[in-house]
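Understanding the architecture of this molecule
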Protein chains: 2
Amino acid sequence: MNLATQAPWAGALAEAEAQALRGTRGANPLVGAVVFAPGSELVAAGCHRGAGHPHAEVEALAALPPHWRARAADLTLVVTLEPCRLSGRTGPCVRAVLDAGIGRVVYAAPDPTPHAGGGRELAAAGVEVHADADPASAGRLNARWELARVAGRPFVTAHLAQSLDAKVADAQGRGRWITSPQAREHSHAVRARVGAIVVGTGTVLADDPALTVRLPGEPERELPVIVAGASPLPSTHRLAARAAAGGAVVRVPDHDPLSLLTASGADHVLLEGGPTLLSAFIDADLGDELYLYVAPVFLGQGADATGALAARPVHDPVRWIPDPAGHEPQRLGPDLLLHLSPAA
Amino acid sequence: MNLATQAPWAGALAEAEAQALRGTRGANPLVGAVVFAPGSELVAAGCHRGAGHPHAEVEALAALPPHWRARAADLTLVVTLEPCRLSGRTGPCVRAVLDAGIGRVVYAAPDPTPHAGGGRELAAAGVEVHADADPASAGRLNARWELARVAGRPFVTAHLAQSLDAKVADAQGRGRWITSPQAREHSHAVRARVGAIVVGTGTVLADDPALTVRLPGEPERELPVIVAGASPLPSTHRLAARAAAGGAVVRVPDHDPLSLLTASGADHVLLEGGPTLLSAFIDADLGDELYLYVAPVFLGQGADATGALAARPVHDPVRWIPDPAGHEPQRLGPDLLLHLSPAA
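Report on the accompanying structure. This structure is a prediction, so every number in the text was calculated from the model and none was measured. (Residues numbered from 1 in each chain as written. Chains lettered and ligands numbered in written order. Predicted model: local features only at pLDDT ≥ 70, side-chain atom pairs only at ≥ 80, totals over all residues. Heavy atoms only, no water.)

A word on the sheet that holds strand β3 (residues 76-81) of chain A. All names here are of chain A. The strand order across the open sheet formed by 5 strands is β2-β1-β3-β4-β5, and the pairing between neighbours is mixed. Looking at the sheet topology across the chains shown, the edges are occupied by β2 (41-47) and β5 (128-130). The sheet shows a mean angle of 15° between the axes of neighbouring strands, direction not considered. Pairing analysis gives 6 bridges linking strand β1 (residues 32-37) to β2, with the strands arranged antiparallel. Across the sheet, A33 pairs through a bridge with G46, a residue of β2. (Pairing = 2+ DSSP bridges. Helix = DSSP H or I, 4+ residues; strand = E, 2+ residues; numbered from the N terminus. Axes fitted to C-alpha atoms, helices over the stretch in contact; angles between N-to-C directions.)

Structure follows, in structure tokens:
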């Protein structure tokens, strides 16, 4: 079919994109899927909720009402990304679509990974396939994810908790705790999504953080930690103790972002600070998203949150944008959370 | 009547307080009013929208449906503040209540100004009056306004437009424009509410601001300007030209907040910057509200927005709170606006 006849999918594709935006970004791209009955009735929807969770197609198919399962050949699955042929922790989506007996599949953008070809496989099995119906959709949803994938590096989430005057510590170097318990609980939920944590020696020395995932109702969980910087860690510090006990603590003697990412061996890393590390990643355009927690306080003097950044002229600053996934600024107790992505 | 029988007003007073929060704070307190029919039916509501606008009672009475005007003796007016006997630019509320023929008035808190006595005047005219039904309400709504009034100083609104790293200018001293046209349009609406502007010489020298009110569809309007600091202003600068032409430009040779407020002669002043001035007011606890515009950019190096603040320990910072009037953080184009008040 040619492009001119694909316009009828525009509304359905927009619906799938809206579903995608409900998902969680990280090592995996945002993907959304919707199922339509003849007459454009929306009968099911799903999104990808991050690593380890079912893909969007599988979620949408699982949400099909029983009376539509029996008539699946009449249904159209519309998805923002080509269904996968192979996948790591969850079954391939092509298999799920065929098992469900879906009659028609429309997808917006081709799978950019080595696992591409799901569209062809569906067509070969007799499904009516409308490929690449809106390739720009992938850019809107997953530009930074795609950039990281092409560069062969992990997706980088940065965490920053600062005062209104952009300090992470007071004049005596004390930074615990500027933000509220509610903000810290949120940052544990962010931690829970990543494969490794990168932290600078300055932060380790100042705060002696545990860098574990602590979520209500779940056992405390360790994550591999990459420590940037050459300063020795006293054996009394928690990370030193963890390393001595055989835990996954990797030392990298400098703050070079690419060395740190390589050392992580992960698909998705979290930068936990401090200023030297965060500045190095922002200057290198290697931060893919930023969770910025702002406490409504002034410290007056102290450590600047991103004090090692290179100077930029006012007409050409490092520009970030509210996350394209549409997250509005939110209150976390007294604090504010901004979710930002680098501008293109 | 005794307090025990006033509990039935709790819901009505809460409704009046909710109305008050829709208003605009500044030289006047937040006030809200609601009118109830027998059986607790809410038939009208109003709030005070700032200097020069009708008081809340007048707004609520103007909103009465015609069939209730004819039965006003059956109505109860509930207001957060004692109705005024005298008022500057709008008529006294006592007169409006009597003219409307309202049968009963409940007010939460007494009028703290020399114009108090409206409650007694209403009672003397035969209105059933329930006074001081919830005196704490005034504190919840207008603590900072009351503080300024008791101190005999203007209410102080501060304006700050900064980057994510809390800079107001880049390393070359250029600060125009960090925030967006949408943010600047909002700050003109804030300017329109005040009686005078206070600005530091550093900001005047760096930015040569016009400091006029420019609102869509309205003629440009000058406001009295108080310039803090001893540096001479070149005659080519707009404020120097305005002063030479006989405009209201007052020089104060230092940054002492109280001298500047006294020199303003206004009920409500706006601090337009820069860092020295804003820091002096924050340190002296003389900022009553802050409109903080944050552009999602990093400048790396440059002038700190509040760089002259005294150092505070992390366990005792200068703490602000989201405005008690309940304004949520809002987007202004790419920027974010926080409306903050000093914590008690």
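From this point on, the discussion continues.
So, on to the relation of the copies chain A and chain B. Think of it as a corkscrew move, a rotation about one axis and a shift along it, taking one chain copy to the other. Mapping chain A onto chain B calls for a screw motion: a turn of 180° about the axis and a shift of 0.0 Å along it, with 0.1 Å RMSD after fitting. Classification of the inter-copy transformation places it as that of a two-fold axis. It is A166 of chain A whose C-alpha, among those of chain A, lies nearest the rotation axis, at 2.8 Å. A shared binding surface is used by both copies, with 100% of the interface residues of chain A retained as interface residues in chain B. (Least-squares fit on C-alpha atoms with pLDDT ≥ 70 in both. Contact = heavy atoms within 4.5 Å.)

Residues and elements named next belong to chain A. Counted by the stated rule, this structure contains 0 disulfides over all chains. Unpaired in terms of disulfides, C47 finds its nearest cysteine sulfur in C93, a separation of 13 Å. Residue classification places C47 among the buried residues on the basis of a relative accessible area of 0%. Free of any disulfide, C93 has its nearest neighbouring cysteine sulfur in C84, separated by 3.7 Å. A relative accessible area of 0% places C93 in the buried class. (Disulfide = S-S within 2.5 Å. Buried < 20%, exposed > 50% of the residue type's maximum accessible area, 1.4 Å probe, protein only.)

Applying the stated criterion to the full structure yields 34 salt bridges over all chains. A salt bridge links E220 of chain A to R214 of chain A; the shortest N-O distance between them is 3.9 Å. A relative accessible area of 52% places E220 of chain A in the exposed class. Salt-bridge contacts for R85 of chain B lead to E121 of chain B; the nearest nitrogen and oxygen are separated by 3.9 Å. Pair noted here: R85 of chain B is in the loop between β3 (76-81) and α4 (93-100) and E121 of chain B is in helix α5 (residues 118-124), with a separation of 36 residues, a long-range link. (Salt bridge = Lys/Arg side-chain N within 4 Å of Asp/Glu carboxyl O.)

Before going further, it helps to examine helix α1 (residues 10-20) of chain B. Where α1 of chain B is concerned, the buried positions are A12, L13, A16, E17, Q19 and A20 of chain B. Angular distribution of buried residues about the axis of α1 of chain B spans 155°; they occupy a single face of the element. (Arc of directions from axis to C-beta.)

Bringing helix α11 (residues 275-283) of chain B into the picture now. Because an α-helix completes one turn every 3.6 residues, residues spaced three or four positions apart along the sequence face the same direction. Turning to α11 of chain B, its buried residues number three or more, namely L277, L278, S279, F281 and I282 of chain B. D285 of chain B, located one to two residues past α11 of chain B, shows a positive phi value of around 55°.

Once that is clear, we can look at the pairing of strand β4 (residues 104-109) of chain A. Residues and elements named next belong to chain A. Burial runs high along β4: 5 of the 6 residues are buried. Bridge count between β4 and β5: 3 bridges; the pairing is parallel. Looking at the pairing, V105 lines up with V129 of β5. Handedness of the β-α-β unit built from β4, helix α5 (residues 118-124) and β5 comes out right-handed. (Right-handed = clockwise from strand over helix to strand, strands pointing away.)

Here we come to the packing of helix α10 (residues 257-264) of chain A against helix α11 (residues 275-283) of chain A. Residues and elements named next belong to chain A. Taken N-terminus to C-terminus, the directions of α10 and α11 make an angle of 100°; their axes are 9 Å apart at the nearest point. One finds that α10 runs roughly perpendicular with respect to α11. Where α10 abuts α11, its residues P257, L260 and L261 lie against L277, A280 and F281. Taken together, the residues that form the contact of α10 with α11 break down as 6 nonpolar, no polar and no charged. (Parallel < 35°, antiparallel > 145°, perpendicular 65-115°, else oblique. Nonpolar A, V, L, I, M, F, W, Y, C, P; charged D, E, K, R; others polar.)

Turning our attention to the interface of chain A and chain B. The interface of chain A with chain B comprises 42 residues on the first partner and 43 residues on the second. Of the roughly 3,500 Å² buried between chain A and chain B on both sides combined, carbon and sulfur atoms contribute 62%. The three residues of chain A that bury the most area against chain B are F298, V314 and R331 of chain A, which together make up 22% of that side's buried surface. Applying the counting criterion to the chain A and chain B interface returns 0 salt bridges. Here chain A is connected to chain B by 14 residue pairs in polar contact (both at pLDDT 80 or more). Contributing elements (two or more residues each) for the side of chain A that touches chain B: β14 (289-294), β15 (297-298), β17 (318-322) and β19 (335-342) of chain A. The dominant element in the side of chain A that touches chain B, judged by the number of residues it contributes, is β17 of chain A, at 4 residues. Class assignment for the residues of the side of chain A that touches chain B results in 26 nonpolar, 8 polar and 8 charged. (Buried area = accessible area lost by both parts, 1.4 Å probe. Polar contact = N/O pair within 3.5 Å; in protein donor to acceptor, adjacent residues only side chain to side chain.)

All names here are of chain A. Cis rather than trans, the peptide bond between G273 and G274 has omega equal to 5°. Tracing the chain through its elements places G274 in the loop between β13 (268-271) and α11. You will see that D285, though not glycine, has its phi angle at about 55°, which is positive. Tracing the sequence through the fold places D285 in the loop between α11 and β14.

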